[in-house]
Amino acid sequence: QEAPGGESLSEVTGRAWPVMESRLSLAEPDVLIVAHCPVIRCLIARAISLDATGVSGLEVSHAVSIVLTQSGTGGFRLARGLETEALNHRPAGEA
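Bear in mind the structure is a predicted one, so any value in this text is a computation, not a measurement.

**Student:** Whenever I open this one, helix H2 (residues 37-47) confuses me. Can you help?
**Tutor:** For an α-helix the count is 3.6 residues per turn, leaving residues at separations of three or four pointing the same way. Most of H2 is tucked away: eight of the 11 residues are buried. Within the sequence span of H2, burial applies to Val39, Ile40, Arg41, Cys42, Leu43, Ile44, Ala45 and Ala47. Immediately beyond the C-terminal end of H2, within one or two residues, lies Ser49, with a positive phi of roughly 60°.

The following block contains the structure:
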């Protein structure tokens, strides 16, 4: 869904995800990202493979740290910060 005069969530993801990937490609083990709520929602959803419905279902509180950990296969999992049924989603083919 697009905000009046603004970007859709898909467009936000398309703009923000390459920035996150560029930060993750650095040799640092931890990355801190501070952004507006819609950007955080899009990054989390992309990281854990949620669809558009999942993005809409994410509720991100203000001033809460959200921790994603990267698996050895390059995927991510939510380690801390959000409580929602949408986050129990597993992409097809993952146990």
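Still more to cover.
**Student:** In this structure, what is going on with the pairing of strand S2 (residues 76-80)? I would like to understand it.
**Tutor:** Along a regular strand, successive side chains alternate from one face of the sheet to the other. Note that strand S1 (residues 67-70) and S2 share four bridges and pair antiparallel. The residue bridging Thr69 from the neighbouring strand is Arg77, located in S2. Counted along the chain from S1 to the antiparallel partner S2, the turn is five residues long, and its residue Gly74 has a positive phi close to 90°.

**Student:** For this particular structure, what's the right way to read the confidence of the model for the protein chain?
**Tutor:** Note: predicted coordinates in regions of low pLDDT should not be interpreted at a detailed level. Chain-level statistics for the protein chain give a pLDDT mean of 79 and a share of 82% at 70 or above. Confidence scores differ between elements of the protein chain, with helix H3 (residues 52-57) showing the lowest mean pLDDT of 80 and helix H1 (residues 9-24) the highest of 91.

**Student:** Sorry, what's going on with the packing of aromatic side chains here?
**Tutor:** The geometry of an aromatic ring pair is captured by the separation of the ring centres together with the interplanar angle, meaning the angle of the planes. Within this structure, the stated rule accounts for one aromatic pair. A ring pair is formed by Trp17 and Phe76, whose centres lie 6.1 Å apart and whose planes are at 85°; its orientation type is edge-to-face. Of this pair, Trp17 sits in helix H1 while Phe76 sits in strand S2, placing them 59 residues apart in sequence. Under the relative-accessibility criterion, Phe76 is labelled buried at 16%.

Criteria and cut-off values
Residues numbered from 1 in each chain as written. Predicted model: local features only at pLDDT ≥ 70, side-chain atom pairs only at ≥ 80, totals over all residues. Heavy atoms only, no water. Buried < 20%, exposed > 50% of the residue type's maximum accessible area, 1.4 Å probe, protein only. Helix = DSSP H or I, 4+ residues; strand = E, 2+ residues; numbered from the N terminus. Pairing = 2+ DSSP bridges. pLDDT = per-residue confidence, 0-100. Phe/Tyr/Trp six-rings, centres within 6.5 Å; stacked < 30°, edge-to-face > 60°.

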